[in-house]
Amino acid sequence: MSENTLILGLQWGDEGKGKIVDALSNDIHAVCRFQGGHNAGHTIKVNGEQTVLHLIPSGILHPNINCVIGNGVVLSLEALSKEINKLKDTGISFNNRFHISSGCCLILPTHIRIDQVRDKKESIGTTGRGIGPAYEDKIARRAIRFGDFENEDLLNDKLSKLVNYHNKVLDRMYDEEPIPVDSVIDEILSFKHLYDDYCNDTQDLLFNWVNEKKSILFEGAQGTLLDIDQGTYPFVTSSSTTAGGVSTGLGIGPKYIDKVIGITKAYTTRVGEGPFMTELFDEDGKMLAKKGHEFGATTGRPRRCGWLDLVALKKAVFTNSVTDLCLTKLDVLDGFKNISVCVDYKNNEPVYKIFDGWDDKTEGVTEYDDLTDNAKSYINFIENFVGCNITIVSTGPSRDQTITRES
Ligand code: GDP
Ligand code: IMO
Ligand code: MG
C-alpha cells in the first residue's frame, strides 16, 4: 500500500532529519524538499562513509529513488552545481531522477552579500547563504525563478533590474561595494545547463505519482522553532518549516500527507542567536556538545546545547499534526548521571523533572527490547507527556543504528 510521509524537525534544526530520511527511503518512489535552501546541512552515514547534503534531498544515496526540489525552495545554482558534481564524483547518477521545479526562486550573489552585511548589524546569526533576502524578493514578487531561463532576453532584463536594486541597498543602506550587474548575469547564465537538465513541472510529477499510488517522502529542512510564523521570531529562518509548508512548497494538498514523523533529539541544540529556555552553560552542556559532536553541518559553528523541552515539543506535535515521533541521539545521553527534561515554565525559568541516567549503552542498539530500563522510562515519559508514540529511536549516526517500533 502506498503511503506518503512527511519527516520534519520539531526543534531548531539538526535533529537528524538527513539520517532518518535516508534510513526510511528504501521503498519510497521519491524524496521531495519543499522549503529552505543550502542553509540546511543534512548528514548521512552509510558503511562508515559520511555525506553532507545541503540542497539535494536525502534520498539521493538510494540509486533508484527520484529526488525533487519543490517550488518552495530557494535555489543557489552555484551551491547546487557544486553539490551535484561532488556526488557525481562518488558515482551517484542524476539521470532521469532529479527534478527541480521551474517555480524555485533563485539566490543571487547579491542576496548572499546583503545577508552577510546585514547580519553583522542585526545579529540573527544566519548561515550567510542569502536565504532571507531571497525569500524577501519572492514575497515582493520581483524574484528570478528557475523557469525564467526559458527566455534569456527576459531573464537578462529581470536580472539587471534586480541586481541594480540590490546594489542600491548595498551602497545606500550598508555603504558596501556593489557587485557588477554583468558579472551576476554571466554567473547565472553559466548555469543554464542545470535548467536544461533538471527543470521540470514538479507538481505534475507529484500529481501523476499520487495517482499511480507511489509512496512519496517529504523532507523538511530546519525545524519547527525556526518557522517564519510559528518559530521564535525574529530569530527564525525565512520559510515555512512546518507541515503547512509541504502544500505551498510542492503544490500538493494536505490530504495527501498520510503520516507525519516529527524528529526530536533526546536533548536540544540551537545554532545562531535567539531564546533557548533549557540552554545549559555548565559541565552537562559541555558534555552534550562534546559527545554529540554539536558543530553545524553547514557553517561549522558550535551548537548551543541544553535539555529536552517537552513544553515546546508538545506544541510542535500539535503544529505539525505529528503522528509518530522519532527520538534521535539517545546514545549521546549514555553515561550521564542524571538527565533532566523541562515540563513547565515558571517565572520564565524551566521546571525540570530529573531522571536517573543509565550505565548500559544505548549506542548502536537496534531492538527496542534491548534498551536499558532507564532509557525506556525516559522514552515512556516523553510519549505520555506529549501524547504521541515514539516509533523510531536513533542510537548512532549510521543508517543501521536505528530502532523501529509499530505505531
Ligand atoms: P539534520 O540537519 O536534521 O539532518 O541533522 P544534522 O546532520 O545537521 O545533524 C545531526 C548530526 O547528528 C549529524 O552529525 C548526524 O550524523 C548525527 N546523528 C544523527 N543521528 C544520530 C544518533 O542517533 N546518534 C548520534 N550520536 N549521532 C547522530
Ligand atoms: P538543517 O536543515 C540549524 C538557523 C541559523 C539562524 C537562523 C536563520 O540542517 O536543520 P538563515 O540562514 O536560514 O536565514 O538563518 O536559522 N538555521 C539553522 N539551524 N539547522 C539548520 O538547517 C538551519 N538553517 C538555518 O543558524 O539562527
Ligand atoms: Mg543540519
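Here is what the cut-offs are and how they apply
Residues numbered from 1 in each chain as written. Chains lettered and ligands numbered in written order. Predicted model: local features only at pLDDT ≥ 70, side-chain atom pairs only at ≥ 80, totals over all residues. Heavy atoms only, no water. Helix = DSSP H or I, 4+ residues; strand = E, 2+ residues; numbered from the N terminus. Rg over C-alpha atoms; globule rule 2.2 N^0.38 Å. Contact = heavy atoms within 4.5 Å. Near = heavy atom within 4 Å. Polar contact = N/O pair within 3.5 Å; in protein donor to acceptor, adjacent residues only side chain to side chain. Areas by Shrake-Rupley, 256 points an atom, 1.4 Å probe, with all protein chains shown as cover. Nonpolar A, V, L, I, M, F, W, Y, C, P; charged D, E, K, R; others polar. Domains from an automatic or database assignment. Donors = N, O, S within 2.8 Å, 3.2 Å for Na, K, Ca; no water. Buried < 20%, exposed > 50% of the residue type's maximum accessible area, 1.4 Å probe, protein only. Pairing = 2+ DSSP bridges. Buried area = accessible area lost by both parts, 1.4 Å probe. Salt bridge = Lys/Arg side-chain N within 4 Å of Asp/Glu carboxyl O. Core = buried A, V, L, I, M, F, W, Y, C linked by side-chain atoms within 4.5 Å.

Observations concerning the overall build of the protein chain
Helix and strand counts for the protein chain stand at 12 helices and 19 strands. Compactness check: the protein chain gives a C-alpha radius of gyration of 21 Å against a globular reference of 22 Å for 407 residues, within 12% of the reference. Structurally, the protein chain occupies a C-alpha span of about 65 × 50 × 35 Å along its principal axes. Across the protein chain, every contact between residues at least 6 apart in sequence was considered, and the portion connecting residues at least 24 apart equals 73%.

Describing the site of ligand 2
Looking at ligand 2, there are 20 residues lining it, with Asp-14, Lys-17, His-42, Thr-127 and Thr-237 nearest. A distance of 2.9 Å separates an oxygen atom of ligand 2 from a polar backbone atom of Gly-41. Against a free-state accessible area of 550 Å², the protein chains account for coverage of 97% of ligand 2. In terms of residue class, the shell around ligand 2 is made up of seven nonpolar, 10 polar and three charged.

Side note on the site of ligand 1
Residues in contact with ligand 1 amount to 18 residues; listed here are only the nearest, Lys-17, Gly-41, Thr-43, Asp-331 and Ser-394. One of the backbone nitrogen or oxygen atoms of Glu-15 is found 3.1 Å away from an oxygen atom of ligand 1. The fraction of the free accessible surface of ligand 1 (580 Å²) that becomes covered by protein chains is 92%. Taken together, the elements giving at least two residues each to the shell around ligand 1 come down to α1 (17-23) and β3 (42-46). A per-element tally of the shell around ligand 1 places α1 first, with three residues. Here the shell around ligand 1 is composed, by residue class, of three nonpolar, eight polar and seven charged. When residues are assigned to domains, the shell around ligand 1 turns out to be shared by domain 1 (5-100 + 199-260) and domain 3 (264-404), each giving three or more.

Comments concerning the coordination of the magnesium ion (ligand 3)
Donor atoms from the polypeptide that coordinate the magnesium ion (ligand 3) comprise Asp-14 (OD) and Gly-41 (O), at 2.1 to 2.2 Å from the metal. In this pair, Asp-14 sits in the loop between β1 (5-9) and α1 while Gly-41 sits in the loop between β2 (30-33) and β3, placing the two residues 27 residues apart along the sequence. For Asp-14, a relative accessible area of 22% corresponds to the partly exposed category. Here Gly-41 falls in the buried class, since its relative accessible area comes to 12%.

Some words on the sheet that holds strand β10 (residues 216-219)
Strand order across the open sheet formed by 10 strands is β9-β7-β5-β2-β10-β1-β11-β15-β18-β19, with mixed pairing between neighbours. Of all strands in the sheet, those with a lone pairing partner are β9 (199-200) and β19 (402-404), marking the two edges. Across four bridges, β2 lies against strand β5 (residues 66-69) in parallel orientation. Residue Ala-30 lies in a different strand from β5, and its bridge partner there is Asn-66.

A look at the environment of Glu-212
Within the secondary structure layout, Glu-212 lies in the loop between α8 (202-211) and β10. Glu-212 sits in the partly exposed class, given a relative accessible area of 46%. Only 2.9 Å separates the side chain of Glu-212 from the side chain of Lys-214, close enough to count as a polar contact.

Looking at the side chain of Thr-269
One can find Thr-269 in strand β12 (residues 268-270). At a separation of 2.8 Å, a polar atom in the side chain of Thr-269 contacts the side chain of Lys-265. In contact with Thr-269, other than residues within four places in its own chain, are Trp-12, Gly-13, Phe-276, Glu-294, Arg-303, Arg-304 and Cys-305.

A short note on the domain arrangement of the protein chain
Assigned domains within the protein chain: domain 1 (5-100 + 199-260), domain 2 (105-193) and domain 3 (264-404). The straight-line distance from the C-alpha centre of domain 2 to that of domain 3 is 38 Å. Taken residue by residue, the interface counts six residues in domain 2 and five residues in domain 3. The junction of domain 2 with domain 3 conceals about 370 Å² of combined surface from both sides, 47% of it contributed by carbon and sulfur atoms. Contact with domain 3 buries area across many residues of domain 2, yet Gly-125, Thr-127 and Arg-129 alone supply 68% of it, more than any other trio. For the pair domain 2 and domain 3, the number of links is zero salt bridges. The interface formed by domain 2 and domain 3 includes two residue pairs in polar contact (both at pLDDT 80 or more). Residues belonging to the side of domain 2 that touches domain 3 are distributed by class as follows: one nonpolar, four polar and one charged.

Observations regarding the nonpolar core
Core analysis: the biggest nonpolar cluster contains 53 residues, and Leu-6, Phe-218, Leu-250, Leu-330, Leu-333 and Tyr-378 have the highest contact counts within it. For this core, the element with the highest residue contribution is helix α12 (residues 373-386), accounting for five residues. Counting contributing residues per domain, this core is built from domain 1 (5-100 + 199-260) and domain 3 (264-404), each supplying no fewer than three. Beyond its immediate chain neighbours, meaning those up to four positions away, Tyr-378 contacts Ala-266, Leu-308, Leu-330, Leu-333, Ile-339, Ser-340, Val-341, Phe-355 and Trp-358.

What about the environment of Glu-177?
Looking at where Glu-177 falls in the secondary structure, it is placed in the loop between α5 (152-174) and α6 (181-189). Excluding residues within four positions of it along the chain, Glu-177 makes contact with Arg-113 and Leu-170.

Notes on the side chain of His-38
Tracing the chain through its elements places His-38 in the loop between β2 and β3. In contact with His-38, not counting residues within four places along its chain, are His-54, Leu-55, Ser-76, Ala-79, Ile-107, Arg-129, Ile-131 and Thr-298.

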